[in-house]
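Chain and residue survey
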Amino acid sequence: MKYAIVSNEKIEATKGAKGVCPSCGSELVAKCGKVKVNHWSHKGSRNCDSWWENETEWHRSWKDNFSKEWQEVVHFDESGEKHIADVKTPSAWVLEFQHSVISPEERQTRNSFYGHIVWVVDGTRRTTDKKQFQKILEDGVRIRSKIPIIRTNFPDDCRLLKEWHGSSLVFFDFGKGKSSEHSILWFLLPKTASSSAYLSPFSRSNFIEIFKKDKFGEIFKNKILPIHAAIVDSERRQQKANAQHRITALSGFDRHAKTKRSRHRRL
Ligand SMILES: [Zn+2]
């Protein structure tokens, strides 16, 4: 963990320091080596939070964008279950920075536990992911919408999409967590009734700004949901048109078959 509690304050790990876990209250020791990022560790045992993931530079560079008070916040549900959210805003939106693989079941559990959650997924962990993702974008179709959105009909051709499609709100980060002026994240829109996936580029700095101002709830309600609804609607219309086309084609076939039969009778 990045923070321990020392004299009622959130403190970062420094060599030889001791602190207390903000979640379970047990003693933490500072680990400041050369391999891993400086962190706090539970004395002689695993992290008290089974959802906790060992942190990389990537996690830290993301967390560092937000105020100390918003980082590593212990979140309780109604049953009293608690977990440490990577970032939690005052309006209770949680950001989870996910580097390693997570099972769909665990993801779903976390989605329901936190309620309002946005996943930022490290797209650079496996070397093949970026290539597969680029191919998906190249082969995808730009749909008619106010913002750039690319539709792919074959999300399963990309491992990242296969793993994350249908997981609510997901942003892929291929930039190693570092900000450059033009760096973007790729937003995977919530799943629709079809098997297609929809992706939209999202400026990283804009993403950070929105969260810093705690405005993601508004963006979700006023932008993401209407866009999603428009896509769902357009898919439905397309499906209806396809069905109509099939009926017309079938009845044409039927007429053709009848003519054939009557010709046959005449013989
Ligand atoms: Zn603990």
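Since the model is a prediction, treat every value here as computed from it, not as a measurement.

**Digging into the domain arrangement of the protein**
Domain boundaries assigned for the protein yield domain 1 (1–48) and domain 2 (51–238). Each of domain 1 and domain 2 has a C-alpha centre, and these two points are 28 Å apart. Opposite the 13 residues of domain 1 that make contact, domain 2 presents 14 residues. Summing the contributions of domain 1 and of domain 2, the shared interface buries around 1,300 Å²; its carbon and sulfur component is 52%. For domain 1, the biggest contributors to the area lost against domain 2 are Lys-2, Lys-10 and Val-37; these three give 45% of the whole. At the surface where domain 1 touches domain 2, the tally comes to two salt bridges. For the interface between domain 1 and domain 2, the tally reads eight residue pairs in polar contact (both at pLDDT 80 or more). Here the residues of the side of domain 1 that touches domain 2 sort into five nonpolar, four polar and four charged.

**Regarding the sheet that holds strand 12 (residues 169–173)**
Strand order in the open sheet formed by nine strands is 6-7-8-9-12-13-14-11-10, and the pairing between neighbours is mixed. The open sheet terminates on both sides in strands that have one partner only, identified here as strand 6 (71–76) and strand 10 (141–142). By the bridge criterion, five bridges tie strand 9 (residues 117–122) to strand 12 in an arrangement that is parallel. The residue bridging Trp-119 from the neighbouring strand is Val-170, located in strand 12. Helix-sheet contacts for helix 2 (residues 104–114) involve strand 6, strand 7 (82–88), strand 8 (94–98) and strand 9, and the interaxial angle to strand 9 is about 145°. Contacts from helix 5 (residues 204–212) reach strand 8, strand 9, strand 12, strand 13 (184–188) and strand 14 (197–203) within the one sheet, and its direction differs from that of strand 14 by about 80°.

**Some points on the side chain of Asn-111**
Along the chain, Asn-111 turns up in helix 2. A relative accessible area of 10% places Asn-111 in the buried class. A distance of 2.8 Å separates the side chain of Asn-111 from the side chain of Trp-119, its partner in a polar contact. In this structure Asn-111 touches Ile-117, Trp-119, Ser-167 and Ser-168, once residues within four positions along its chain are discounted.

**Quick notes on helix 5**
Within the sequence span of helix 5, burial applies to Arg-204, Phe-207, Ile-208, Ile-210 and Phe-211. The buried residues of helix 5 occupy an angular sector of 160° when projected down its axis, which confines them to one face. Asp-214 lies just past helix 5 and shows a positive phi near 55°.

**Thoughts on the nonpolar core**
Here is a general trend for soluble globular proteins: nonpolar side chains tend to be buried in one another's company. Core analysis: the largest hydrophobic core is formed by 27 residues, its most contacted members being Leu-95, Val-118, Phe-207 and Phe-216. Elements with a minimum of two residues in this core: helix 1 (57–63), strand 8, strand 9, strand 12, strand 13, strand 14, helix 5 and helix 6 (216–266). Excluding its chain neighbours within four sequence positions, the residues that come into contact with Phe-216 are Trp-93, Val-118, Leu-169, Phe-171, Ile-210, Phe-211 and Ile-224. Trp-51, Val-94, Ile-150 and Trp-186 belong to the second-largest nonpolar core, a separate cluster that totals 24 residues.

**Concerning the coordination of the zinc ion**
The protein atoms that coordinate the zinc ion are Cys-21 (SG), Cys-24 (SG), His-42 (NE2) and Cys-48 (SG), at distances of 2.0 to 2.3 Å. Each donor residue of the zinc ion belongs to the same chain, and together they define the spacing C-x2-C-x17-H-x5-C. Taken together, the positions of Cys-21 in the loop between strand 3 (18–20) and strand 4 (27–31) and Cys-48 in the loop between strand 5 (39–42) and helix 1 put the pair 27 residues apart, joining distant regions of the chain. Its relative accessible area of 2% is what places Cys-21 among the buried residues.

**With respect to the side chain of Arg-107**
As for its placement among the helices and strands, Arg-107 is situated in helix 2. Although Arg-107 is buried, it forms no salt bridge, and the closest oppositely charged side chain is Glu-163 at an N-O distance of 6.0 Å. Polar contacts involving the side chain of Arg-107 include one to the main-chain carbonyl oxygen of Glu-163, which spans 2.4 Å. In this structure Arg-107 touches Ile-102, Trp-119, Glu-163, Trp-164 and Ser-167, once residues within four positions along its chain are discounted.

**Concerning the packing of aromatic side chains**
For any two aromatic rings, the description comes down to two numbers: the centre-to-centre distance and the angle of the planes. Within the structure shown, the criterion is met by 20 aromatic pairs. Aromatic side chains Trp-58 and Phe-97 sit 6.3 Å apart centroid to centroid with 90° between the ring planes, which places their arrangement in the edge-to-face category. Placement of Trp-58 in helix 1 and of Phe-97 in strand 8 is noted, with a sequence separation of 39 residues between them. Grouped by ring-pair contacts, the aromatic residues Trp-58, Trp-62, Trp-93, Phe-97, Phe-171, Phe-187, Phe-202, Phe-207, Phe-211, Phe-216 and Phe-220 constitute a single cluster. We note Arg-107 situated over the ring of Trp-164; from NZ or CZ to the ring centre the distance is 4.4 Å.

Definitions and cut-offs
- Positions within a chain are numbered from 1, following the residues in the order the chain's sequence is written.
- Local features in this predicted model are restricted to residues of pLDDT 70 or higher, and side-chain atom pairs are both shown and tallied only at a pLDDT of 80 or more, whereas totals for entire chains, interfaces and linings draw on every residue.
- Calculated side-chain values reflect all of the structure's heavy atoms, with hydrogen atoms and water omitted.
- For every domain, the bounds stem from an assignment made automatically or drawn from a database.
- Whether two residues are in contact is decided by their heavy atoms, any of which lying within 4.5 Å being enough.
- The term buried area denotes the loss of accessible surface (1.4 Å probe radius) that occurs when two parts are joined, taken as the sum for both partners.
- For this analysis, a salt bridge means a side-chain nitrogen from Lys or Arg found within 4 Å of a carboxyl oxygen belonging to Asp or Glu.
- Residues adjacent in sequence count toward polar contacts only when both atoms are side-chain atoms; beyond that, a polar contact is any pair of N or O atoms within 3.5 Å, and within protein one must be able to donate a hydrogen and the other to accept it.
- In this classification, the charged set is Asp, Glu, Lys and Arg, the nonpolar set is Ala, Val, Leu, Ile, Met, Phe, Trp, Tyr, Cys and Pro, and all remaining amino acids, among them Gly, are polar.
- At least two DSSP bridges between two strands are needed for those strands to be called paired.
- Note on conventions: DSSP H or I runs of at least 4 residues are helices, E runs of at least 2 residues are strands, and numbering of each starts at the N terminus.
- Convention adopted: a line fitted to C-alpha atoms gives each axis, helices being fitted over their contacting stretch, and angles between N-to-C directions are expressed from 0 to 180 degrees.
- Each residue gets one of three labels from its accessible area relative to the maximum for its type: buried under 20%, exposed over 50%, partly exposed in between, using a 1.4 Å probe on protein chains only.
- For this quantity, the arc is that covered by the directions from the helix axis to the C-beta atoms.
- As used in this record, nonpolar core signifies buried Ala, Val, Leu, Ile, Met, Phe, Trp, Tyr and Cys residues forming a set joined through side-chain atoms within 4.5 Å.
- Each metal site lists N, O and S donors within 2.8 Å (3.2 Å for Na, K and Ca). With water left out of the atoms, a site can look as if it is missing ligands.
- The charge count treats Lys and Arg as positive and Asp and Glu as negative. His and the chain ends do not count.
- Ring pairs shown here join Phe, Tyr and Trp side chains whose ring centres sit within 6.5 Å, with only the six-membered ring taken for Trp; geometry is labelled stacked below 30 degrees between planes, edge-to-face above 60, and tilted in between.
- In this scheme, the term charge over a ring applies when either NZ of a lysine or CZ of an arginine sits within 6 Å of the ring centre and within 35 degrees of the ring normal.

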